[in-house]
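Structure assessment
Next come the chains, spelled out residue by residue.
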Amino acid sequence: LAKTTQPISMDSYEGQEVNITCSHNNIATNDYITWYQQFPSQGPRFIIQGYKTKVTNEVASLFIPADRKSSTLSLPRVSLSDTAVYYCLVGPDEGDGGSQGNLIFGKGTKLSVKP
Amino acid sequence: DTGVSQDPRHKITKRGQNVTFRCDPISEHNRLYWYRQTLGQGPEFLTYFQNEAQLEKSRLLSDRFSAERPKGSFSTLEIQRTEQGDSAMYLCASSLALGVKNIQYFGAGTRLSVL
């Protein structure tokens, strides 16, 4: 199982760029890296997913170095509404028939954005 | 697109009672997952279905827990003889397994309080 390690919490101010790094030293060859966001009393929401190098969508970027032992979620110009818990997950692609029990959320990183 | 729907949103019960939760996944999704989340922790995988078949169960799923997905549509999670330790948020997620990445879409959850 590829376990992940993230900072427990981070503070930021509105308008700043926030980078949250996740360590996954035991990532397997067929594992993808996925980030979710969760607000209080809501279910997690998919943000971004990648395998290597860089992935960017309308809300975030994901940077993955060549050795894939870590990844960094980058949130540009955060606002108060980005205050949430962010989870890094490492697990097999459904299409490869990997065990779905291998998706481990961990405790996540609690991001607090201040005005 | 109505997203993943869970009912009820909140359930208060007395120790020893049975409770049942319902999850309606996104209509075209063939995979359905149940997770449990306690305060300050990330979601913990319980079980998942592909269509009507229950393909994996976590060791967290004791014999007091049972899940069904008749006809591969909605799913129910039943907890018999509830205990105070069962108090948690129960999350349902669904995904479309067609050789694409395992992106799960979560419902808002059912918060269970066992008195």
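As shown above, the structure is provided for reference.
Bear in mind the structure is a predicted one, so any value in this text is a computation, not a measurement. (Residues numbered from 1 in each chain as written. Chains lettered and ligands numbered in written order. Predicted model: local features only at pLDDT ≥ 70, side-chain atom pairs only at ≥ 80, totals over all residues. Heavy atoms only, no water.)

A closer look at the overall build of chain B
Regarding its fold elements, chain B presents zero helices and eleven strands. The helix and strand sequence of chain B, counted from the amino end, reads β-β-β-β-β-β-β-β-β-β-β. The C-alpha radius of gyration of chain B comes to 13 Å, within 12% of the 13 Å expected for a compact globule of 115 residues. Expressed along its principal axes, the backbone C-alpha trace of chain B runs to roughly 40 × 25 × 25 Å. (Helix = DSSP H or I, 4+ residues; strand = E, 2+ residues; numbered from the N terminus. Rg over C-alpha atoms; globule rule 2.2 N^0.38 Å.)

Digging into the sheet that holds strand β7 (residues 70–75) of chain A
Residues and elements named next belong to chain A. Reading across from one edge, β2-β7-β6-β5 is the order of the four strands in this open sheet, with antiparallel pairing throughout. Two strands bound the open sheet, and with one partner strand each, they are β2 (18–23) and β5 (53–56). If you compare each strand with its neighbour and ignore which way they point, the axes differ by 15 degrees on average. Note that β2 and β7 share six bridges and pair antiparallel. Bridging across to β7, cysteine 22 finds its partner in serine 71. (Pairing = 2+ DSSP bridges. Axes fitted to C-alpha atoms, helices over the stretch in contact; angles between N-to-C directions.)

A look at the side chain of threonine 109 of chain A
Residue and element names in this part refer to chain A. By secondary structure assignment, the location of threonine 109 is in strand β9 (residues 109–114). By relative accessible area, which is 0% here, threonine 109 ends up buried. A distance of 3.0 Å separates a polar atom in the side chain of threonine 109 from a polar atom in the side chain of glutamine 6. Beyond its immediate stretch of four places on either side in the chain, threonine 109 contacts Gln6, Pro7, Ile8, Ser9, Met10, Ile20, Ala84, Val85 and Tyr86. (Buried < 20%, exposed > 50% of the residue type's maximum accessible area, 1.4 Å probe, protein only. Polar contact = N/O pair within 3.5 Å; in protein donor to acceptor, adjacent residues only side chain to side chain. Contact = heavy atoms within 4.5 Å.)

Looking at the side chain of serine 74 of chain A
Structurally, the position occupied by serine 74 of chain A is in strand β7. At a separation of 2.9 Å, a polar atom in the side chain of serine 74 of chain A contacts the side chain of asparagine 19 of chain A.

Quick look at unusual backbone geometry
For the peptide bond that leads from aspartate 7 of chain B to proline 8 of chain B, omega is -5 degrees, which places it in the cis range. The phi dihedral of threonine 53 of chain A falls on the positive side, at around 60 degrees, and the residue is not glycine. For threonine 53 of chain A, a relative accessible area of 51% puts it in the exposed group. Of note in the backbone geometry, asparagine 51 of chain B takes a positive phi value of approximately 55 degrees without being a glycine. Topologically, asparagine 51 of chain B is positioned in the loop between β5 (44–50) and β6 (53–57). For asparagine 51 of chain B, a relative accessible area of 35% translates into the label partly exposed.

By themselves, these observations are geometric and do not establish any function.
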